[in-house]
Amino acid sequence: MAKFSYKLELEDKKRNIFVTQLNERDEEDDHVTAHPIVRESASRLIDTGINTLQKTLLLKKEVEIDGVERQLYNKRNEFKERMEVCAERRLELQKKQQKMKDQVTQHERFINDVEAKRRRAIQKYESEVRMKEQKTLELDNSRQQLEDLKKRHAHLTRKINAYNRYEKYLLRVLENMPENYIEMQDNMMISLMMRHKTLSETNKDLVIGLTEKADELEAYRQKLERTKQEHEKQLLSINSQLHQLQKIQEDKIDANQEKEESFMSNKAEFRRRRAEIGVIMMAINNIVERTTKLSDRGAEIMTLDEKLNRIQIHVKERIDVLKIASARESPSESRSKTSGKSRKLASSPKPEKNVQFVD
């Protein structure tokens with residue numbers, strides 16, 4: 001990229017004077033120029049100035065662009081240099097990594113051998129530790145067994161010393177024992193001890209049986225006592241029930257006597273009523289026989305209700321016939337006949353419904 005240099009040529013600066021009062025320095029030289037106070041920068045004045053030329057602004061922008069391009073070019077060069085440095089460092093790093101890999105590859109077999117030796121040593125150590133613990137445990141068990149055997153030997157020795165007198169006693173018993181008391185064997189002492197053991201077990205069985213029988217006897221006694229108590233309770237209950245039944249029987253006997261006395265006193269009244277009922281029944285049967293037609297069934301097989309219904313129907317028919325006859329006859333004859341009929345009906349027995357019979 002081509003580099004362009006620009007140079008801004010300006011005229012000689014005039015001496016600037018700050019004017020505070022006008023028309024007071026007429027005697028000064030003509031080359032003195034009065035300027036107002038300016039607080040803005042030069043670039044700002046160039047950009048916003050009215051008298052600034054377009055060419056000046058363009059030159060200023062080109063200068064700025066050249067500065068930016070120079071900066072960009074410098075940054076690119078710097079970046080390129082840094083990338084080259086990074087590439088060199090990457091190559092060096094790759095070389096170091098390859099070198100380290102080569103070293104690791106070279107020493108890997110040695111490391112594996114050392115690791116295998118270390119594992120075998122650890123396994124051997126662990127197996128030896130387990131073996132030592134096992135042997136230590138076996139030694140402790142053997143020592144404990146030895147102590148137990150020593151204690152048992154001492155205990156058996158004491159028992160032998162203690163039972164020695166019993167052996168002497170048994171020997172004296174065998175000497176003084178009658179003949180044929182026990183079966184002859186090689187060791188008579190063992191035979192005597194077996195005999196004693198059998199008798200002892202028999203005695204124990206007898207004692208246990210006696211205890212069981214005593215318990216059963218006590219249980220039966222308690223059961224007998226409970227049975228006696230239950231029997232006494234049942235006896236009291238039965239006596240109470242018997243007393244109540246006797247009282248009920250006495251009450252019933254008194255009630256029956258009262259009923260018998262009442263029956264005897266009302267017997268004559270019953271006979272009179274039965275006679276009246278018999279007369280009424282005979283009258284009903286006579287009326288039914290008079291009203292019965294030949295085609296009808298006999299009065300013997302008819303019930304009382306049927307008989308009364310038959311009499312009622314007959315009476316209604318007679319009344320209807322009387323009404324029809326009285327309507328045809330003169331009033332005097334009808335009155336005489338009506339009075340005669342009324343007397344006749346009054347003289348005849350009247351049927352009664354719902355009659356109850358007492359045997």
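Cut-offs and rules
- The residue count restarts for each chain, going from 1 along the sequence in the order it is written.
- Side-chain atom pairs in this predicted model are given and counted only at pLDDT of 80 or more, local residue features only at pLDDT of at least 70, and totals for whole chains, interfaces and linings cover all residues.
- Note: side-chain values were computed over all heavy atoms of the structure, leaving out hydrogens and water.
- Helix and strand labels come from DSSP, where a helix needs a run of H or I of at least four residues and a strand needs a run of E of at least two; each type is numbered from the N terminus.
- When accessible area is computed with a 1.4 Å probe and restricted to protein chains, residues below 20% of their type maximum are described as buried, those above 50% as exposed, and intermediate ones as partly exposed.
- We call two residues in contact whenever any of their non-hydrogen atoms come within 4.5 Å of each other.
- Axis lines are fitted through C-alpha atoms, for helices just across the contact stretch, and the angle between N-to-C directions can take any value from 0 to 180 degrees.
- Should an angle lie under 35 degrees it is considered roughly parallel, over 145 roughly antiparallel, and from 65 to 115 roughly perpendicular; all remaining angles are considered oblique.
- Three categories are distinguished: nonpolar for Ala, Val, Leu, Ile, Met, Phe, Trp, Tyr, Cys and Pro, charged for Asp, Glu, Lys and Arg, and polar for the others, with Gly belonging to the last.
- Just to be clear on terms, a salt bridge is a Lys or Arg side-chain nitrogen sitting within 4 Å of an Asp or Glu carboxyl oxygen.
- Among the buried residues, those of types Ala, Val, Leu, Ile, Met, Phe, Trp, Tyr and Cys that are joined through side-chain atoms within 4.5 Å form a nonpolar core.
- By definition, a residue's bend is the angle between the axes fitted to the seven residues ending there and the seven starting there.
- Known as pLDDT, the predictor's confidence for each residue is given on a scale from 0 to 100.
- Each crossing gets its hand from how the near helix is turned against the far one by less than a right angle, where anticlockwise is left-handed and clockwise is right-handed.
- Every patch collects residues that have over 30% relative accessible area and no salt bridge, joining them within 9 Å if they carry like charges and within 5 Å if they are nonpolar side chains (Val, Leu, Ile, Met, Phe, Trp, Tyr).
- In these tables, accessible area is a Shrake-Rupley quantity obtained with a 1.4 Å probe, and a residue counts as shielded only by the protein chains included in the view.
- In a helix, the anticipated span is given by 1.5 Å times the number of residues less one.
- By the criterion applied in these results, polar contacts are pairs of N or O atoms within 3.5 Å in which, for protein atoms, one can donate a hydrogen and the other can accept it, and in which residues neighboring in sequence qualify only through two side-chain atoms.

Draft legend 1. Here's a closer look at the overall build of the chain. When helices and strands are tallied, the chain shows five helices and two strands. The burial tally for the chain puts 6% of its 359 residues in the buried class. Nonlocal contacts in the chain, meaning residues at least 24 apart in sequence, comprise 27% of its contacts between residues at least 6 apart.

Draft legend 2. A look at the packing of helix α2 (residues 54–176) against helix α3 (residues 188–291). Orientation of α2 relative to α3, taken along the N-to-C sense of each, is 95°, at an axis distance of 10 Å. Between α2 and α3, the crossing angle belongs to the class labelled roughly perpendicular. Where α2 abuts α3, its residues Glu167, Leu170, Leu171, Val173 and Leu174 lie against Met188, Met189, Leu192 and Met193. When grouped by side-chain class, the residues that make up the contact of α2 with α3 number eight nonpolar, no polar and one charged.

Draft legend 3. Geometry of the pattern of salt bridges. Inspection of every chain in the model, using the stated rule, returns five salt bridges. Here Glu64 and Lys60 are joined by a salt bridge, their closest N and O atoms 2.5 Å apart. Separated by four residues within a single helix, Glu64 and Lys60 lie in helix α2, roughly one turn from each other. The exposure class of Glu64 is partly exposed, given its relative accessible area of 36%. In this structure, Arg272 engages Glu276 in a salt bridge whose closest nitrogen and oxygen atoms are separated by 2.6 Å. Placement of both Arg272 and Glu276 in helix α3 is noted, with a separation of four residues, approximately one turn of the helix. Since its relative accessible area comes to 42%, Glu276 is described here as partly exposed.

Draft legend 4. Quick look at the nonpolar core. Ile284, Val288, Met302, Leu304, Leu308 and Ile311 form the largest nonpolar core, which has six residues in total. If one sorts the elements of this core by residue count, helix α4 (residues 304–328) sits on top with three residues. Core analysis: the next-biggest nonpolar cluster, separate from the first, contains five residues, Leu170, Met177, Met188 and Met189 among them.

Draft legend 5. View of α2. A maximum bend of about 40° is found in α2 at His107. Every buried residue of α2 is listed here: Lys60, Asp66, Gly67 and Leu170.

Draft legend 6. Structural context of the confidence of the model for the chain. Of the residues in the chain, 73% have a pLDDT of 70 or more, and the chain-wide mean is 77. Mean pLDDT per element in the chain: strand β1 (residues 16–17) is the minimum at 48, and α2 is the maximum at 88. Below pLDDT 50 for its whole length, residues 14–24 participates in twelve contacts with residues either more than four positions away or in separate chains. Below pLDDT 50 for its whole length, residues 344–359 participates in 13 contacts with residues either more than four positions away or in separate chains.

Draft legend 7. Seen up close, the packing of α3 against α4. Following both chains from N to C, one finds α3 and α4 inclined at 55°, their axes separated by 10 Å at the closest point. Here α4 runs oblique to α3, going by the angle between their axes. The way α3 lies across α4 gives a crossing that is left-handed. Listed contacts from α4 to Met281, Ile284, Asn285, Ile287, Val288 and Thr291 of α3 are Leu304, Lys307, Leu308, Arg310, Ile311 and His314. Grouping the amino acids of the contact of α3 with α4 by side-chain chemistry returns seven nonpolar, three polar and two charged.

Draft legend 8. Region of interest: a nonpolar patch on the surface. Residues Phe110, Ile111 and Val114 make up a contiguous nonpolar surface patch of about 300 Å² in total accessible area. Structurally, Val114 is set in helix α2. By relative accessible area, Val114 is classed as partly exposed at 40%.

Draft legend 9. How the structure looks around α4. Across its 25 residues, α4 extends 37 Å between first and last C-alpha, which sits within 8% of the 36 Å expected from 1.5 Å per residue. If you check which residues of α4 are buried, you get Leu304, Lys307, Leu308 and Ile311. Lining the buried residues of α4 we find α3.

Draft legend 10. Local environment of the environment of Arg118. Note on placement: Arg118 falls in helix α2. Within polar-contact distance, the side chain of Arg118 engages the side chain of Glu115 at 2.3 Å.

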